[in-house]
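# Breakdown of the fold
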Amino acid sequence: MSTATVTSAIRGANRPTSFSKRLNSQWWRHLLGIVAVVFAAFPLVYVLSASLAPGGTLTGSNKLFSQIDFSNYSRLLSDPVRPYGQWYLNTLVIAAVTAALTVFLGALASYSFSRMRFKGRRGGLLSLMLIQMFPQLLTVVAIFLLLTWLGDIYPVLGVGSRMALIMVYLGGALGANTYLMYGFFNTVPQSLDEAARVDGAGHARIFFTLILPLVAPILAVVGLLSFIGSFTEYVVASVILGADPHTSTLAIGLYQYVSTETSSNWGIFAAGAVLAALPPMVLFLWLQKYIVSGLTGGAVK
């Protein structure tokens, strides 16, 4: 076989296939992708259409964007009985504080399990795995009774307190998040710690100046998941905070618009849901570059 024949064969093998040929061979992948996009996007588009429909019902939004009216948004923001702005602020504060404390305390615990050897370390890791098996909803009654008792001694930790809700969220999230971050911390070579220790650095300096910048992806992922989970949670928040309009979160407050047949107004509910989706969406877009590496970085360990 001549050199020219070999060269032409190599060029033919390396030549990219046309789009039509790729489409014919992988058409099912494109079909599945289109179905997944439609399945995920249709509820979002429908809620946005319902928020712009002046009728106040979901059935009036069957024709998407047939009417565009911002009256639902104006009624939502100007309602004196249901302070949507206060709900928004309460939810942002609770979710932000919960996410920040979850990341910080989880990182401290993960560093301890990953870098230190102490009595009860293995039992602690196994306990974290077992805690993940039980959902937080199983403890709602016990949490309510505990907060009722604590409220008589420390009112800031009693039923109706936003601080009490933050503490409950922290207790439910630290187990799973600590174990998730523990796998990522193990991917950081311990030789870096040893080199820093030779230079005279202690655990605090190694943790804050060396380890934390290297594990930024998993911190971002845990913070994002914690923020979204706290931002959208309803059951635990409704049990602890009750129906007080000044301490309610968005989930509790918006439910009042559709809780009864006489007060159901799906248009205002949809408008509130659209506005409530903005902070998680912005945070997700800001941290999306960390999500894949943060979720899969510790898997090999």
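All of the points below concern the structure found in this document.

About the criteria used
Here, residues in each chain are numbered from 1, in the same order as that chain's written sequence. Local features in a predicted model are, by the rule used here, given only for residues with pLDDT of at least 70; side-chain atom pairs are given and counted only at 80 or more, and totals for whole chains, interfaces and linings are based on all residues. By convention in this description, side-chain values take in all heavy atoms of the structure and omit both hydrogens and water. Starting at the N terminus, helices and strands are each numbered in turn, a helix being any DSSP run of H or I of at least four residues and a strand any DSSP run of E of at least two. A 1.4 Å probe rolled over the protein chains alone gives each residue an accessible area, and that area as a share of the maximum for its type sets the label: buried under 20%, exposed over 50%, partly exposed in between. Residue contacts are counted whenever heavy atoms from the two residues lie within 4.5 Å of one another. For every accessible area listed, the method is Shrake-Rupley and the probe measures 1.4 Å; residues are considered covered only by the protein chains on display. Among buried residues, those of type Ala, Val, Leu, Ile, Met, Phe, Trp, Tyr and Cys that are joined through side-chain atoms within 4.5 Å constitute a nonpolar core. A pairing counts as a salt bridge when a side-chain nitrogen of Lys or Arg comes within 4 Å of a carboxyl oxygen of Asp or Glu. Here an axis means a line fitted to C-alpha atoms, over the contact stretch when the element is a helix, while the angle between two N-to-C directions is reported on a 0 to 180 degree scale. Oblique is the label for every angle not falling under 35 degrees (roughly parallel), over 145 degrees (roughly antiparallel), or within 65 to 115 degrees (roughly perpendicular). What a helix is expected to span follows from its residue count: subtract one and scale by 1.5 Å. Any two rings among Phe, Tyr and Trp, with Trp reduced to its six-membered ring, count as a pair given centres within 6.5 Å; such a pair is stacked if its planes are under 30 degrees apart, edge-to-face if over 60, and tilted if neither.

## A look at the overall build of the protein
Of the regular secondary structure elements, the protein holds 15 helices and zero strands. Residues counted as buried form 35% of the 301 residues belonging to the protein. Taking all contacts inside the protein whose residues are at least 6 apart in sequence as the whole, residues at least 24 apart take part in 69%. As displayed, the protein has an accessible area near 17800 Å², and 69% of this comes from carbon and sulfur atoms.

## Here we look at the nonpolar core
Ranked by internal contacts, the top residues of the largest apolar core, which has 22 residues, are L76, Y84, F227, F231, L250 and Y257. Where this core is concerned, the elements lending two or more residues are α4 (71–77), α5 (84–115), α11 (216–232), α13 (250–255), α14 (266–276) and α15 (278–296). Of all the elements, α5 adds the most residues to this core, at five residues. Filtering out sequence-adjacent residues up to four positions away, L76 remains in contact with R82, Y84, L254, Y257, I268, A271, G272 and L275. Counting residues in each nonpolar core, the second largest holds 17 residues, with V103, F185, I206 and L219 among its members.

## Considerations on the pattern of salt bridges
Enumeration over the complete set of coordinates arrives at one salt bridge. For R115, the salt bridge is made with D193, and the minimal N-O distance between the two is 2.6 Å. With R115 in helix α5 and D193 in helix α9 (residues 190–198), this residue pair connects regions lying 78 residues apart in the sequence. No difference in accessibility class separates R115 from D193, as the two residues are buried.

## Things to note about the packing of α5 against helix α10 (residues 203–214)
Running from N to C, α5 and α10 point in directions that differ by 110°, and their axes come no closer than 12 Å. Classed by the angle they form, the pair α5 and α10 counts as roughly perpendicular. On α10, the residues touching F104, A107, L108, Y111 and R115 of α5 are H203, I206, F207, F208, I211 and L212.

## What to know about α11
Between its terminal C-alpha atoms α11 stretches 24 Å, which fits the 24 Å expected from 17 residues at 1.5 Å a residue. Burial within α11 is extensive, with twelve of its 17 residues counted as buried. Taken together, the buried positions of α11 are occupied by P217, I218, L219, A220, V221, V222, G223, L224, S226, F227, S230 and F231.

## Some remarks on the packing of aromatic side chains
Applying the stated criterion across every chain, the model contains 14 aromatic pairs. Ring centres of F70 and Y73 lie 6.1 Å apart, and the angle between their planes is 45°; on these two criteria the pair is classed as tilted. Judged by its relative accessible area of 13%, Y73 falls in the buried class. Between F207 and F208 the ring centres are 5.0 Å apart and the planes differ by 80°, which places this aromatic pair in the edge-to-face class. Since its relative accessible area comes to 3%, F207 is described here as buried.

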